[in-house]
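Structural characterization, general
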Amino acid sequence: MADPITVSGPVSGTDKTLTFETGKFAPQSMGAVVASIGGTKVLTTANAANKVREGMDFFPLTVDVEERAYAAGKIPGSFFRREGRPTEDAILTCRLTDRPLRPSFPKGFRNETQVVTTVLGADQSNPHDVLSINAASAALMISGIPFDGPIGSIRMAYSVDGDWIPHPTFEEAEAGTFDLVIAGRELDNGDIAVMMVEAGGSENAFYYYDDGAKKVTEEVLADGLEACKVWIKESIALQRQLVASVIATQGPIEMMSWTPVLDYTDEIFAAVEKSATEALAPAIIILAKAERNAATDAVTADTVAELCGTKDAPGEFAGQEKMVKEAVRSLSKILMRRRVVEEGVRMDGRGTSDLRAVTAEIGVLPTAHGSSLFQRGETQVMNVVTLAMPRMNQMIDSLSPNNEKRYLHHYNMPPWANGETGRVGSPKRREIGHGALAARAVLPVIPNQEDFAYTLRLVSEVMSSNGSTSMASVCSSSLSLMDAGVPTKGPVSGIAMGLIYEDGKYITLTDILGSEDAFGDMDFKVAGTEDAITALQLDTKIDGIPADVLTAALAQARDARLEILEVMNACIPESNTEVAETAPKIATIYIPLDKVGEVIGPKGKVINTIQQETGADIGVDDDGARGIVTIGAVEAWRMEEAKDAILAIVDPPKAELGAVYTGRVVNITKFGAFVNILPGRDGLVHISKLGGGKRINSVEDVLSLGEEIEVRVEEIDDKGKVSLVPAGDPPSAKESSGDSSSSRDRAPRAERSERSERPARSESNGGDNDSDIVEVSFEESFDAELADELGDLGPKSDRTGGGGRRNDGGRRRHR
């Protein structure tokens, strides 16, 4: 086994160390790097095919993240006890790693490339996602695969004190107000070009704001994008040190040979430009997406026919139809960008900062707990909220310390939203990513479970797509939450921005279309309330964005967000004060921990009885310091009845001495019957009290479990234990189906006590002398033990003379 090559460097401002290692694991991989920080460790491999697959017209890069449960010392919780399909966290880490890597490969490189990160260690403190980005870049740098790197990445948390914390732990991120992940490359002038940003507010951000923490605004965010450059440079420098160490140890890295794949030749593009420009220019500015696509398709078909000809009459570029189509697409991009730069007019005729028409509607589904329909131009999204009991919180089997989620957001975009056909069914990576972005944008304004006990599931259904359905999902989600009566911290709106860099000029576009997203140089999404940003996602295709350009873009985005908020506020100015009639009504009670067992009862008997009698749904949990009882029912009166029953158990009403109650037998023992006389209050009717002056063999002779009986409170001891006696006529003996001798009247105890006066056996009869006999009694100690546990057992005369034990029944003779 070869000696590993290891490089390490400190993370400025922390006591942490970032380490890269190669040469120990995966020796046959083109590039393999183990990256670690703290106890978190990932192995990332990079490999590429040695030739291009025939007909490949795009760059086939695949990024996978394999989470291994053993990394966190766990066994997978699935039925098969092994890892299966990727978790949502793994898919999001794949996308996070892919986004800065993809634009860093050279143009025309079409060899199939795969980057795989395997999580080897998860210390439950340091996240592994940012580590995956750095390790992937390092693996590509030593692989020989053409790659314009290295790329550095950093996560920062914005603390309540207003400081950016690099590589925060899970706890530090949770204690902050904002989480920011940035990736970038170093330019020739030493500056850092930001390539990717993924950011969002923390779950308790607005609670911290209420306590005085500084809000994350556009200015704070711009400062964060500048502050990140120190740590990105440290990662890049460490990767370059690794490359140098590999070269020094193993010799120069052999670069793989590859042949660029051209979409079209210069000759074809020149011919297309000459032939199609006049017809294409008016086609790409048609307002409606479907009509515009149809017009450009017609121009493309005409151009192909003109330049390629037919089988019978071949044209100049016969057999190169695919290249001609790609050239037409590139010409469309050039014409669109030129019009924006030179005239300030976009494809649909808007100015650079104009917003499309916006409409908002709530209550679109009568049976839903909350629903809304948001439309911006041709982009339309319906969102539906479902409220449920806390027991519906999602259990998460992942490598992070978070094992539960109470706010769920799912995003669906079927092919018909674009007027197309395609596969429907389980969500794809894109849908999971868009849903996560929308969830991240709304999460900070959701009240915590103490203030609003419900589990929330939001579903965004994309009805029509033409530019930023994820931000439309944010707006629609905020509306439906308010419609559902969720007391949010404020409405949230989102907008997608674009950027065109041409001839040294940066032009920011508000509310981009799908085509502007494809033809532009930046995809920039911002969401937030009126005075704080809740989420940000940024991807660039150029080397970097100057700070002043980014600041201006953030300000332009804020203007659009506020304009959208005006429409949303006109639709519903504040959250409904009550949940919908179809939603469960929930109340939360906090009880002492020692009362949890009483509420649940043996084998759940008590809580199940309350649920059956009231029809409410009851959940019991604890936070280590107190019990948490959550009660829910669609009808409020059911919830209130269940709540009263539980409060009666926790703090039961007091019985009054001498008072008469109609109770129910809840338990039968050998010494008596326990009768429930008040909610949470039972008393004991001793067996000696049930015979009406006559002895009975067992309690079952006169009482049955569940039977009602009228009783009077005879005594209440200092521990609150209640002794009862039957009120009115005593219970009558029940007919026995067994041996008649078991129920016949026996002689009074006084008549049978003569047996104890028999003379002792004499030695002549085989007995011993009375002087050799020792009498031992357990009766007094047994009665004392029962009295301590159950309270007063009644007058002793009743127990000894009224049919309890024989006078000598508690004694045993011992030699």
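Residues numbered from 1 in each chain as written. Predicted model: local features only at pLDDT ≥ 70, side-chain atom pairs only at ≥ 80, totals over all residues. Heavy atoms only, no water.

**Considerations on the overall build of the protein chain**
- The secondary structure content of the protein chain amounts to 19 helices and 31 strands.
- Burial status across the protein chain gives 49% buried among its 815 residues.
- Taking all contacts inside the protein chain whose residues are at least 6 apart in sequence as the whole, residues at least 24 apart take part in 70%.
- About 39600 Å² of surface is accessible on the protein chain, with carbon and sulfur atoms providing 49% of the total. (Helix = DSSP H or I, 4+ residues; strand = E, 2+ residues; numbered from the N terminus. Buried < 20%, exposed > 50% of the residue type's maximum accessible area, 1.4 Å probe, protein only. Contact = heavy atoms within 4.5 Å. Areas by Shrake-Rupley, 256 points an atom, 1.4 Å probe, with all protein chains shown as cover.)

**Describing the sheet that holds strand E24 (residues 627-633)**
- Strands sit in the order E22-E24-E23 across an open sheet of 3 strands; the sheet is antiparallel. Bordering the open sheet on either side are strand E22 (585-591) and strand E23 (617-622), each of which pairs with just one other strand. This sheet shows a mean twist of 20 degrees between the axes of neighbouring strands, independent of strand direction.
- Two elements, E23 and E24, share 6 bridges in a ladder whose sense is antiparallel. Residue pairing across strands places Val620 opposite Val629, the latter belonging to E24.
- Together, E22, E23 and E24 form the strand contacts of helix H16 (residues 636-650), whose direction differs from that of E22 by roughly 10 degrees. (Pairing = 2+ DSSP bridges. Axes fitted to C-alpha atoms, helices over the stretch in contact; angles between N-to-C directions.)

**A few points about the packing of helix H10 (residues 429-442) against helix H11 (residues 469-483)**
- It is the contact of H10 with H11, at a shortest axis distance of 9 Å, that shows an interaxial angle of 45 degrees. Here H10 lies oblique to H11, going by the angle between them. When the axes of H10 and H11 are compared, the crossing they make is right-handed. Two secondary-structure elements touch here, H10 through Arg430, His434, Leu437, Ala438, Ala441 and Val442 and H11 through Thr469, Ser470, Met471, Ser473, Val474, Ser477 and Leu481.
- Residue classes in the contact of H10 with H11 are distributed as 7 nonpolar, 5 polar and 1 charged. (Parallel < 35°, antiparallel > 145°, perpendicular 65-115°, else oblique. Left-handed = near helix turned anticlockwise from the far one by under 90°. Nonpolar A, V, L, I, M, F, W, Y, C, P; charged D, E, K, R; others polar.)

**Notes on the pairing of strand E12 (residues 370-376)**
- Most of E12 sits out of view: 5 of its 7 residues are buried.
- Examined bridge by bridge, strand E11 (residues 358-362) and E12 share 5 bridges and lie antiparallel to one another. Residue pairing across strands places Ile362 opposite Ser372, the latter belonging to E12.
- Sheet topology note: the E12/strand E13 (residues 379-388) ladder contains 7 bridges and is antiparallel. What sits directly across from Phe374, in E13, is Val381.
- Turn length for the E12-E13 hairpin, with the two strands adjacent in sequence and antiparallel, is 2 residues, and the turn residue Gly377 shows positive phi of about 65 degrees.

**Side note on the side chain of Asp483**
- With respect to the element layout, Asp483 can be found in helix H11.
- Among buried charged residues, Asp483 stands out as having no salt bridge; its nearest opposite-charge side chain is Lys585, 14 Å away.
- Contacts of Asp483, omitting those with residues within four sequence positions, involve Ile362, Gly363, His369, Gly370, Ser371, Ile572 and Asn576. (Lys, Arg positive; Asp, Glu negative; His and termini not counted. Salt bridge = Lys/Arg side-chain N within 4 Å of Asp/Glu carboxyl O.)

**Brief notes about H11**
- Taking 1.5 Å as the rise per residue, H11 with 15 residues should run 21 Å; its terminal C-alpha atoms sit 21 Å apart, in good agreement.
- Counting buried residues along H11, 15 of its 15 residues qualify, which places the element largely inside the surrounding structure.
- Backbone geometry just after H11 places Gly485 at a positive phi near 85 degrees. (Expected span 1.5 Å × (residues − 1).)

**Looking at the sheet that holds strand E27 (residues 681-686)**
- With mixed pairing, 5 strands are arranged side by side around a closed barrel as E25-E26-E27-E29-E28. Looking at each pair of strands side by side, their axes are set apart by 55 degrees on average, direction ignored.

**A word on the nonpolar core**
- Leu101, Ile182 and Phe524 are the most contacted members of the largest nonpolar core, which totals 133 residues.
- Ranked by residues supplied to this core, first place goes to helix H13 (residues 547-571) with 9 residues.
- Once residues within four sequence positions are removed from consideration, Phe524 is found in contact with Ile495, Ala496, Met497, Leu536, Gln537, Leu538, Leu550, Ala553 and Leu554. (Core = buried A, V, L, I, M, F, W, Y, C linked by side-chain atoms within 4.5 Å.)

**With respect to the pairing of strand E19 (residues 505-510)**
- Across 6 bridges, strand E18 (residues 493-502) lies against E19 in antiparallel orientation. Within E19, the position partnered with Met497 by the bridge is Thr510.
- The hairpin formed by E18 and E19 contains 2 residues between the paired strands, and Asp503 there has a positive phi angle of roughly 55 degrees.

**Some points on unusual backbone geometry**
- Following Gly149, the chain continues into Pro150 via a peptide bond in cis, with omega recorded as 0 degrees.
- With respect to the helices and strands, Pro150 occurs in the loop between helix H2 (129-141) and strand E7 (151-158).
- With phi around 60 degrees, Arg81 is a residue other than glycine that occupies positive phi space.
- Mapped onto the fold, Arg81 is located in the loop between strand E5 (61-67) and helix H1 (88-101).
- Under the relative-accessibility criterion, Arg81 is labelled partly exposed at 48%.
- Although it is not a glycine, Asp511 sits at a positive phi angle of roughly 55 degrees.
- Note on placement: Asp511 falls in the loop between E19 and helix H12 (514-519).

**Considerations on a positive patch on the surface**
- A surface patch of like charges, here positive, comprises Lys107, Arg329, Lys333 and Lys541.
- Locating Lys333 in the fold gives a position in helix H9 (residues 321-343). (Patch = residues over 30% accessible without salt bridge, like charges linked within 9 Å, V, L, I, M, F, W, Y side chains within 5 Å. Charge placed at Lys NZ, Arg CZ, Asp CG, Glu CD.)

**Focus: the environment of Glu598**
- Tracing the backbone through its elements, the reader meets Glu598 in helix H14 (residues 596-600).
- Note on Glu598: relative accessible area 40%, which makes it partly exposed.
- Separated by 52 residues in sequence, Glu598 and Val650 place their C-alpha atoms 7.8 Å apart.
- Aside from chain neighbours lying at most four places away, what touches Glu598 is Val606 and Ile649.

**Points about the confidence of the model for the protein chain**
- For the protein chain, mean pLDDT is 86; residues scoring 70 or higher make up 89% of the total.
- The spread of mean pLDDT over the elements of the protein chain runs between strand E31 (residues 811-814), the lowest at 39, and strand E4 (residues 40-48), the highest at 97.
- With pLDDT under 50 throughout, residues 736-774 is counted as low confidence; its partners more than four residues away or in other chains account for 27 contacts.
- Across residues 797-815 the pLDDT falls below 50, and counting only partners more than four positions away or on other chains, this stretch makes 46 contacts in the model. (pLDDT = per-residue confidence, 0-100.)

**Quick look at the pattern of salt bridges**
- Tallying each qualifying case throughout the model produces 36 salt bridges.
- Of the charged contacts in the structure, one is a salt bridge between Arg626 and Glu450, with a shortest N-O distance of 3.2 Å. Within this pair, whereas Arg626 is found in the loop between E23 and E24, its partner Glu450 is found in the loop between H10 and strand E17 (455-464), the two being separated by 176 residues in sequence.
- With a shortest N-O distance of 2.7 Å, Asp523 and Lys525 are connected by a salt bridge. Here Asp523 matches Lys525 in class, with each residue buried.
- Shared partners join several salt bridges into a network, and the residues in it are Asp348, Arg350, Arg356, Arg376 and Asp511.

**Some details on empty space enclosed by the protein**
- Evaluated as defined, the whole model comprises 3 cavities of 30 Å³ or more.
- For the largest cavity, the calculated volume is near 90 Å³.
- Lining the largest cavity, in full, are Lys16, Ile37, Asn126, Pro127, Asp129, Val130, Leu131, Arg155, His167 and Pro168.
- A breakdown of the residues in the lining of the largest cavity according to their chemical character gives 5 nonpolar, 2 polar and 3 charged. (1 Å grid on protein atoms, 1.4 Å probe; cavity = no way out; pocket = protein on both sides within 12 Å on 5 of 7 lines; lining within 4 Å. Points joined across faces, edges and corners; volume = space filled by probe spheres on them.)

**Thoughts on the side chain of His434**
- Inspection of the secondary structure puts His434 in helix H10.
- Judged by its relative accessible area of 15%, His434 falls in the buried class.
- Once residues lying within four places of it in the same chain are set aside, the contact partners of His434 are Arg95, Tyr411, Thr469 and Ser470.

**A word on the packing of aromatic side chains**
- As enumerated under the stated definition, the model contains 11 aromatic pairs in all.
- Taken together, a centroid distance of 4.6 Å and an interplanar angle of 40 degrees make the contact between Phe452 and Tyr454 tilted. Take Phe452 and Tyr454: they sit in the same class, and that class is buried.
- Each residue in the set Phe59, Phe105, Phe109, Phe147 and Trp258 is aromatic and connected to the rest through ring pairs, giving one cluster.
- Above the plane of the ring of Tyr207 lies Lys489, whose end atom (NZ or CZ) is 4.1 Å from the centre. (Phe/Tyr/Trp six-rings, centres within 6.5 Å; stacked < 30°, edge-to-face > 60°. Lys NZ or Arg CZ within 6 Å of the ring centre and 35° of its normal.)

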